[in-house]
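Each chain is listed here by its residues.
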Amino acid sequence: MDNSRHLYADLISSDRPAFALSDEEREEIIEEKGHYENPRAASIEALKIVQHHRGWVPDGAIPAIAELLGIPGSDVEGVATFYSQIFRQPVGRHVIRLCDSMTCYINGYEAIRERLKSELGIVPGQTTTDERFTLIPVCCLGNCDKGPTMMVDDDTHSHLDAETLMSVLEAYK
Amino acid sequence: MSATTPVNRRLTSFGTANLIERAPETHPLTWRLNADASPVWLEEYRAKQGYLGAKRALTELTPEEVAAEVKEAGLKGRGGAGFPAGVKWGLTAKGEGIPRGYLLCNADEMEPNTYKDRLLMEQQPHLLLEGMIVAAYANHSYRGYVFLRGEYVDAAKSLRRAVAEAREAGLLGRDIFGSGFDFDIYVHTGAGRYICGEETALINSLEGRRANPRAKPPFPGQSGAWGKPTVVNNVETLCGVSSIILNGVEWYHGLCLPGSEDHGTKMMGFSGKVKNPGLWELPLGITAREVLEEYAGGMRDGCTLKAWQPGGAGTGFLLPEHLDAQMYSGGIGKVGTRMGTALSMAVDDSVSMVSLLRNMEEFFARESCGWCTPCRDGLPWTVKILRALEAGEGEPGDVELLLELTRKLGPGKTYCAHAPGAIEPLGSAIKYFREEFEAGIRTPSTANAPQEPVGSV
Ligand SMILES: Cc1cc2nc3c(=O)[nH]c(=O)nc-3n(C[C@H](O)[C@H](O)[C@H](O)COP(=O)(O)O)c2cc1C
Ligand code: SF4
Ligand code: FES
C-alpha cells in the first residue's frame, strides 16, 4: 500500500492541459538562473517556484521549464520525480508534514499519526475530500528535542499532543 | 497557501542553548545568542566582535596561513565524519592556472536526531557567513552556496537577510576589506532527500541533477561542482572558524577538557524521555553522563535508561554503562562506535529495540538513493524482517540473516556511507539486545507492525 503514489504520480499523461508559466514565475526562474554556473542548476528552484505559486507542479510545467532553461524535458522530469518535496498532483490548501523519524517515534509520534488519520479520514499521502489538508510523512525536522513535531505549511509545531492536536489545525482554514 | 502564522512567535530553535550561561572565551559558537532567540543581525553581530576574524584573515594572513592555523587548531568536521577541516583545505587544488572554485556549506541537516545547524542558522546567520568568507579565502573559492534543506524556512529567511546585509556593508562582493578578495554567497534550498547531505550527492543536486553520490576519486577538492575545486563543510564546522582566526590556536587548544584528543567546543544534545531535552555548546571531552545528568536533567520520572545513541541515527547504540565515555571521536571510538553529530538520544525501557530499529530502517530504506544494489535491496529487506519480528512472525534464522545483512552493507561494500550508517545501529542493537530480536520469532504477539510504505517515491 504505497499511499504516496498519489503525490508523485506517473509523469506520462496523454492529455496534457495547455500550460504557460506566468510572467512572475518566468521572472523568478530567470533571476535564479543568474545565481548558478549554468541554467540546469536552476531546475530544482524552477520546480519549487512553480510549486510555490500553484501548490503543485502540473505536468505541463515540465516542458515549459525545460524550454526556459534550455535543457531536455526528460532531465527536468528526472529531477521532479527524485525529490520528495516536489508535488506532482494537486495538494490541499495546507500541507501537513509529520515527522516520522526515531526521536519523534520515541516521543510518541504514532499516536499523533493515528489521530490525524482518524480526524481527517486520510492516510499519509492523501488529501482530504474538502481539499483542506494533505498529510505527508517527512524525515526528521531538526526539532527532535521538542517532538513530536510537524510542519503545517511553513509553521513548525512542537510538543504535539493527541488531545490538543486538532486545535492546532483550527488555524488553517 | 498562505500560512496563518502567529505573530511574535519564537523561532523553533529557541531552547536550552539560549538559556545556559555563556561567555565569549568559552562559548565561541553561542555566546552571542539572545535569551529570547531573536536573530543576531549585522549591527549587533559587529558590536559583538563580528567579522573581526574575517578581517584579520583577509588583511593580515595569506590563504595558506589561514588554512595552516585551522589545521593546527585541529578543528574537525562537525557534519558527522570528523575529517579535519584544515587538512581538507590544504588538499584543495588552488594556485596559478587553477580556476577558482566553490565553497559549499552543507546545511542539509536531515539525519534523525540532528537539530544543531538549524539553531546556528536561524539565530546567528552572520557567524556562518563570516566562517564561509574565511574558508573561501583559504581555498581561493570565488562563490559560496549554502545548501539548505527546504523545510528550514526560518533559517532561509535569516540567511537571506544576513546575505543582503553583508552585501550592503561590503562584506560580500568585490574587494572585501580592501584585500582584493572577491566572494559572494547564495542560499540554495533543497527539495527533500536525505542523501543530498552526502557531499558528492550534494554537488549533483546543486548542479540540478538527481542526488546520486559520485565516485571518489576525483575528490571534490580536485574536481567538484561544475568540474572546479570544491570544498564542502558543515554549518557548525564553518561557524567554528572565525574565532580561531581571531583568538588564536593556543586559546582554541584550551577549550576542550583533559583527556580529549579533539579540540574546541561542540554543539551537543540529549533527547528522548529526559527531563530537559535540548542542545548546548559544550567542551569536547565532557562525559556523556554529564550531558545527560547535568544538562538534560537525567531521565524523566518513571523512565529508566536502557540504551543511548551518541550522535545521530547512523551511530551505534550503547548501554548505560558506557555513559562515562568522553564525547570526542576517540572517546566514543573506545566504546565501539562513532561520535557522529554528538547529539545523543536516550532510549528508555518502554521502547522495544525491534520496533525502534524498524522505524529507523524504514527511514534509511526510504532515503536510499537506489544507486547501488546492496543498499537499494538490502535495506527494504531489513525492514521486512524487522516488521515480521515486531509482529512476532519472524522465522528461525532471521536474526542471523539481519547480521549477515549488516556485514553485506558495511563500510566499503556500497557506493557511499548511507548503507554503513544504516546498519551501524542495527548491528549494535542486536549485539546488546539480541534476546528482544529472538523473541520476535514465531511467538504469537498482540503488537502489529503498522503497514506504512517503505519507499515513498
Ligand atoms: C547519507 C549521508 C548524509 C549526510 N548528511 C549530512 C548532512 O546533512 N550535513 C552534513 O554536514 N554532512 C552530512 N554528511 C557528511 C558529508 O558527506 C560530509 O562529510 C560533510 O558535509 C563534510 O563537512 P565537515 O567535514 O565540515 O563535517 C552526510 C553523509 C552521508 C553519507
Ligand atoms: S549506499 Fe545507498 S544511498 Fe549510497 S549510493 Fe548506494 S544506494 Fe545510494
Ligand atoms: S526525529 Fe522528529 S524532529 Fe527529529
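The structure we're discussing is the one just above.
The notes below deal with the structure included here.

Criteria and thresholds
- Residues numbered from 1 in each chain as written.
- Chains lettered and ligands numbered in written order.
- Predicted model: local features only at pLDDT ≥ 70, side-chain atom pairs only at ≥ 80, totals over all residues.
- Heavy atoms only, no water.
- 1 Å grid on protein atoms, 1.4 Å probe; cavity = no way out; pocket = protein on both sides within 12 Å on 5 of 7 lines; lining within 4 Å.
- Points joined across faces, edges and corners; volume = space filled by probe spheres on them.
- Helix = DSSP H or I, 4+ residues; strand = E, 2+ residues; numbered from the N terminus.
- Nonpolar A, V, L, I, M, F, W, Y, C, P; charged D, E, K, R; others polar.
- Contact = heavy atoms within 4.5 Å.
- Buried area = accessible area lost by both parts, 1.4 Å probe.
- Salt bridge = Lys/Arg side-chain N within 4 Å of Asp/Glu carboxyl O.
- Polar contact = N/O pair within 3.5 Å; in protein donor to acceptor, adjacent residues only side chain to side chain.
- Near = heavy atom within 4 Å.
- Areas by Shrake-Rupley, 256 points an atom, 1.4 Å probe, with all protein chains shown as cover.

## What to know about the layout of surface pockets
Moving on, step 1. Size it by volume and the second largest pocket reaches roughly 1,200 Å³.
Moving on, step 2. As for the second largest pocket, its lining consists of 38 residues, and the residues nearest its centre are Lys48(A), His52(A), Val153(B), Arg160(B) and Thr189(B).
Moving on, step 3. If you list the elements that add at least two residues to the lining of the second largest pocket, you get helix 1 (23–33), helix 2 (43–54) and strand 1 (94–99) of chain A together with helix 8 (153–168) and strand 4 (181–189) of chain B.
Moving on, step 4. Ranked by residues supplied to the lining of the second largest pocket, first place goes to helix 8 of chain B with 7 residues.
Moving on, step 5. Taken together, the residues of the lining of the second largest pocket break down into 15 nonpolar, 10 polar and 13 charged.

## Some thoughts on the interface of chain B and chain A
Moving on, step 1. With 75 residues of chain B in contact, the opposing surface of chain A contributes 58 residues.
Moving on, step 2. Both faces combined, the contact of chain B with chain A buries some 5,200 Å², and carbon together with sulfur accounts for 54% of it.
Moving on, step 3. At the boundary of chain B and chain A, one finds 3 salt bridges.
Moving on, step 4. Between Lys228(B) and Glu37(A) there is a salt bridge, with the nearest N and O atoms lying 2.8 Å from each other.
Moving on, step 5. Inspection of the chain B/chain A interface yields 32 residue pairs in polar contact (both at pLDDT 80 or more).
Moving on, step 6. Secondary-structure elements contributing two or more residues to the side of chain B that touches chain A are strand 2 (143–148), strand 4, helix 9 (199–206), strand 7 (278–283), strand 9 (343–348) and helix 15 (353–367) of chain B.
Moving on, step 7. Looking at the side of chain B that touches chain A residue by residue, the classes come out as 32 nonpolar, 25 polar and 18 charged.

## Remarks on the site of ligand 2
Moving on, step 1. The immediate surroundings of ligand 2 are formed by 13 residues, with Cys369(B), Trp371(B), Cys372(B), Cys375(B) and Cys416(B) found nearest.
Moving on, step 2. The residue inventory of the shell around ligand 2, partitioned by class, reads 9 nonpolar, 4 polar and no charged.

## Overview of the pattern of salt bridges
Side chains that carry opposite charge are capable of pairing whenever their charged atoms lie near each other.
Moving on, step 1. Across all of its chains, the model carries 43 salt bridges over all chains by this definition.
Moving on, step 2. Three or more residues are tied together by salt bridges with common partners; here these are Glu110(A), Arg358(B), Glu362(B), Arg387(B) and Glu390(B).

## Thoughts on the site of ligand 1
All names here are of chain B.
Moving on, step 1. With respect to spatial proximity, 19 residues lie near ligand 1, and among them Gly 79, Asn 106, Asn 233, Asn 234 and Thr 237 are the closest.
Moving on, step 2. Gly 79 is positioned with one of its backbone polar atoms (N or O) 2.7 Å from an oxygen atom of ligand 1.
Moving on, step 3. Here Glu 109 contributes a backbone N or O atom positioned 3.5 Å from an oxygen atom of ligand 1.
Moving on, step 4. In isolation ligand 1 exposes 600 Å². Once the protein is present, 90% of that is buried.
Moving on, step 5. Broken down by class, the residue content of the shell around ligand 1 amounts to 5 nonpolar, 8 polar and 6 charged.

On their own, these measurements won't tell you what the molecule is for.
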